[in-house]
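Inside the fold
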Amino acid sequence: MIEDRAWRGDALTAHDVTTLQAFRDLMPDQVLRPGEDIGIDSITLLFTDLEGSTALYERLGDGAAYRLVRRHFGFLAATIREHDGALVKTIGDAVMAAFARPEQAVAAALEIRDRIDAFNADYRAETADDVAIVLKMGLHGGRCIAVNLNDRLDYFGSTVNMAARLQGRSLGGELILSESLAADPAVAALLAGRSRRQESAVLKGFEAPVPFIRLTA
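Residues numbered from 1 in each chain as written. Predicted model: local features only at pLDDT ≥ 70, side-chain atom pairs only at ≥ 80, totals over all residues. Heavy atoms only, no water.

**Describing the side chain of E174**
- Its place among the elements puts E174 in the loop between α6 (158-169) and β6 (175-178).
- What makes E174 buried here is its relative accessible area of 10%.
- Of note is the side chain of E174, whose polar atom sits 2.6 Å from the side chain of R214.
- Not counting the four nearest positions on each side in its chain, E174 is found in contact with L135, K136, M137, R214, L215 and T216. (Helix = DSSP H or I, 4+ residues; strand = E, 2+ residues; numbered from the N terminus. Buried < 20%, exposed > 50% of the residue type's maximum accessible area, 1.4 Å probe, protein only. Polar contact = N/O pair within 3.5 Å; in protein donor to acceptor, adjacent residues only side chain to side chain. Contact = heavy atoms within 4.5 Å.)

**Quick word on helix α3 (residues 53-60)**
- Turning to α3, its buried residues number three or more, namely S53, L56 and L60. Relative to the axis of α3, the buried residues are bounded by an arc of 50° and lie together on one face. Turned more than 90 degrees from where α3 packs its buried face, T54, A55 and E58 sit exposed.
- Note on α3: the residue one or two positions beyond its end, G61, has a positive phi of about 90°. (Arc of directions from axis to C-beta.)

**Describing unusual backbone geometry**
- The backbone of D84 sits at a positive phi, close to 60°, despite the residue not being glycine.
- Looking at the secondary structure, you find D84 in the loop between α4 (62-82) and β2 (85-91).
- Phi is positive for A128, which is not a glycine, with a value near 65°.
- Along the chain, A128 falls in the loop between α5 (102-127) and β4 (135-149).
- Residue class for A128 comes out exposed when judged on its relative accessible area of 68%.

**Side note on the environment of R124**
- When you line up the elements, R124 lands in helix α5.
- Owing to a relative accessible area of 32%, R124 belongs among the partly exposed residues under this scheme.
- Excluding residues that lie within four positions of it along the chain, R124 makes contacts with D129, D130, V131 and A132.
- A distance of 3.4 Å separates a polar atom in the side chain of R124 from the backbone oxygen of V131.

**A few points about the packing of aromatic side chains**
- Enumeration over the complete set of coordinates arrives at one aromatic pair.
- Here the guanidinium or amino end of R71 rests over the ring plane of F119, the centre of that ring lying 5.9 Å away. (Phe/Tyr/Trp six-rings, centres within 6.5 Å; stacked < 30°, edge-to-face > 60°. Lys NZ or Arg CZ within 6 Å of the ring centre and 35° of its normal.)

**Some points on the confidence of the model for the protein**
- When pLDDT is averaged along the protein, the result is 88, and 86% of the positions lie at 70 or above.
- Within the protein, no element has a lower average pLDDT than helix α1 (residues 14-18), which sits at 66, and none a higher one than strand β3 (residues 94-99), at 96. (pLDDT = per-residue confidence, 0-100.)

**Re the pairing of β4**
- As paired strands, strand β1 (residues 38-50) and β4 are joined by 11 bridges and run antiparallel to one another. Residue pairing across strands places F47 opposite G138, the latter belonging to β4.
- Taken together, the three bridges between β4 and β6 define a ladder with parallel strand orientation. Looking across to β6, one finds that M137 is bridged to L175.
- Pairing of β4 with strand β5 (residues 152-156), which is carried by five bridges, proceeds in the antiparallel orientation. Within β5, the residue paired with I145 across the bridge is F156.
- Here β4 folds back onto β5 in antiparallel fashion, the turn holding two residues, of which N150 has a positive phi close to 55°. (Pairing = 2+ DSSP bridges.)

Encoded structure:
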């Protein structure tokens with residue numbers, strides 16, 4: 001028997017759906033059964049954090065700084081949504097986002113970095129505060145598990161830990177990508193012609209040095 005399985009290319013999996021912001025916004029109660037977790041073969045995670053957020057609160061005051069942080073969350077969420085990703089959660093001033101495909105995550109991160117100057121200019125024009133936020137970003141893809149945490153879908157595993165640790169290596173205004181993510185053909189096409197530096201470091205929780213790409217421009 002010969003079976004044509006081309007239809008699978010148009011199939012929308014549960015994994016694809018749960019990495020769409022629209023699904024999380026419209027159906028926030030659609031989560032896993034209590035105590036259940038599901039293995040995911042491939043997901044790409046983006047972590048961002050504000051550089052110097054303590055100084056930002058000190059300079060602007062708690063109220064103004066909080067409003068700026070909330071505004072930057074909106075900017076990040078909108079860009080993540082444009083690239084078919086989902087904002088999983090915010091952690092203090094940090095953001096965790098998930099994407100079904102690696103090129104979506106990298107394209108979103110590149111656009112965030114390319115548009116941050118315009119974001120800062122708009123904020124200064126509206127508030128007259130001479131302030132500019134600087135983002136640190138890290139990305140990694142691989143296997144993980146999907147779980148329920150605080151009544152929402154979340155992700156756990158070494159892929160999550162790696163993405164978070166890579167974000168911590170950013171000096172601000174940079175993208176840090178795992179070597180394996182940068183080697184993906186679709187990602188490599190997005191990075192063509194951009195200034196980069198290959199490095200490695202021992203990251204917390206990982207025994208061997210981890211190779212990564214520091215994208216500076």
